[in-house]
Amino acid sequence: MKPSATETIQLPGTEEVHPDVALVARAREGDLQAFETLVRQYDRQVFRIAQHITQNKEDAEDVVQDAFLKAYEKLHQFQGNSKFYTWLVRIAVNESLMRLRKRRTGKMVSIDEDVETEDGSMPRDLADWGPDPEQMYNQSELAEILRKTIQGLPPGFRVVFTLRDVEGLSTEETAQALGLSVPAVKSRLLRARLQLRERLSRYFRKKNGDGVQ
Amino acid sequence: MTCSEFMALLDDLFEDEVGGDLRADLDEHLRGCEHCFITMNTTRQTIEFYANRELYPLPDTLRERLEVAIMEKCRRC
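Cut-offs and rules
- Residues numbered from 1 in each chain as written.
- Chains lettered and ligands numbered in written order.
- Predicted model: local features only at pLDDT ≥ 70, side-chain atom pairs only at ≥ 80, totals over all residues.
- Helix = DSSP H or I, 4+ residues; strand = E, 2+ residues; numbered from the N terminus.
- Rg over C-alpha atoms; globule rule 2.2 N^0.38 Å.
- Buried ≥ 20, exposed ≤ 12 C-beta atoms within 10 Å, placed from the backbone.
- Contact = placed C-beta atoms within 7 Å.
- Nonpolar A, V, L, I, M, F, W, Y, C, P; charged D, E, K, R; others polar.
- Core = buried A, V, L, I, M, F, W, Y, C linked by C-beta atoms within 7 Å.
- Domains from an automatic or database assignment.
- pLDDT = per-residue confidence, 0-100.

1. A closer look at the overall build of chain B
Across its full length, chain B holds five helices and zero strands. Moving toward the C terminus, one meets the helices and strands of chain B in the order α-α-α-α-α. The C-alpha atoms of chain B give a radius of gyration of 22 Å, which is well past the 11 Å a tight globule of 77 residues would have. Summarising its shape, the C-alpha atoms of chain B cover approximately 65 × 25 × 20 Å along the three principal directions.

Rendered as structure tokens:
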């Protein structure tokens, strides 16, 4: 099935047009090379998002394939009122949550999981960190600590933090990609950041009790 | 300003989206609250740790394999 080319995405005018718009238009007309360019442009990001959410490499590989295939099949549904990347991220997040659900053998997994019941908008651990946590660990130890720490966040926090702080989407784009309101994204982001900070404090806090307790 | 009010504005502060009287209130709170000062700094460091590191790189060989598989599936659509 080739994507339909009947819908206009956006006509080049006086406003600056994102280069993806032309690639999407060509891909809709069946230009596979244009779609391949989009794949090469965003596959690393989709893989990273999928790994962050599923915490499983094989699942992340499957998500990359399924997300791009789904995007290709649904290209005619892309309205062009958001960036192509934001639209793709939404597909990738849904595919990732589906994989996570399968792995948990049917246990409900959604971006709302565990986020409504926890307050956590105020920090509990008041410890300051050492002057340079990066000198306390080598790069691979540090990466392992960061991976382990984010793994412990509920998916609803993990996904917001990943899109906003790892991928650098704006609050509005994150809200659009997740189907959440801007205040909901802000609230989850705060709690995600504070939880991560608190968990990282176990590794980075000042030694000899010279932090604020 | 209370600590809760300060925390609620932390993202806006990081994004430099507060100005005027509100910014002055935030600064005043920070001067008098070591707890919020530490939390702000360590939270900023937390964000930087994750933003500046590639925790899940996609190896070239895997990337190539995935791209071939994706395009093959698209061709069959």
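That shown, we press on.
2. A few points about the overall build of chain A
Helix and strand content of chain A: nine helices and zero strands. Helices and strands appear in chain A in the N-to-C order α-α-α-α-α-α-α-α-α. Scored against the burial criterion, the 213 residues of chain A give a buried share of 40%. Considering only residue pairs separated by 6 or more positions, chain A has 71% of its internal contacts joining residues 24 or more positions apart.

3. Considering the interface of chain A and chain B
At the junction of the two partners, chain A supplies 40 residues and chain B supplies 31 residues. Of all the elements in the fold, those that place two or more residues in the side of chain A that touches chain B are α2 (32–54), α3 (57–73), α6 (139–151), α7 (155–166) and α9 (182–204) of chain A. The element best represented in the side of chain A that touches chain B is α2 of chain A, accounting for 11 residues. Split by residue class, the side of chain A that touches chain B holds 22 nonpolar, five polar and 13 charged.

4. Re the environment of E67 of chain B
Along the polypeptide, E67 of chain B turns up in helix α5 (residues 60–76). Taking the C-alpha atoms as reference, E67 of chain B lies 30 Å from E48 of chain B; in sequence the two are 19 residues apart.

5. Considering the nonpolar core
All names here are of chain A. With 58 residues, the main nonpolar core has V46, A50, V64, L88, A92 and V93 as its most contacted residues. When residues in this core are grouped by element, the largest group, nine residues, is from α2. Two domains share this core, each providing at least three of its residues, namely domain 1 (19–103) and domain 2 (110–213). In this view, A50 contacts D59, A60, V63, V64, A92 and S96; residues no more than four positions away in its chain are not counted.

6. Let's talk about the environment of L30 of chain B
Position of L30 of chain B relative to the elements: it lies in helix α3 (residues 20–32). Expressed as a C-alpha distance, the spacing of L30 of chain B and D11 of chain B, which sit 19 residues apart in the sequence, is 15 Å.

7. Looking at the domain arrangement of chain A
By a widely used convention, the size of an interface equals the accessible area lost when the partners come together. Residues and elements named next belong to chain A. Partitioning chain A into domains gives domain 1 (19–103) and domain 2 (110–213). Residue-level contacts link 12 residues of domain 1 with 16 residues of domain 2. With six residues, the top contributor of residues to the side of domain 1 that touches domain 2 is helix α4 (residues 84–103). Classifying every residue of the side of domain 1 that touches domain 2 by side-chain character gives six nonpolar, five polar and one charged.

8. Details of the confidence of the model for chain A
Residue and element names in this part refer to chain A. Residues at a pLDDT of 70 or more form 80% of chain A, whose mean pLDDT is 85. Counted against residues more than four places away or in other chains, residues 1–10, with its pLDDT under 50, gives 20 contacts. Low confidence marks residues 209–213, where pLDDT is under 50. Its contacts with residues over four positions away, or in another chain, come to 12 contacts.

9. A word on unusual backbone geometry
Phi is positive for Q55 of chain A, which is not a glycine, with a value near 60°. You can see Q55 of chain A is positioned in the loop between α2 and α3. Under the C-beta neighbour-count criterion, Q55 of chain A is labelled partly exposed, with 18 such atoms within 10 Å. The phi dihedral of D16 of chain B is positive, around 60°, even though this residue is not glycine. By the secondary structure assignment, D16 of chain B is in the loop between α2 (10–14) and α3.

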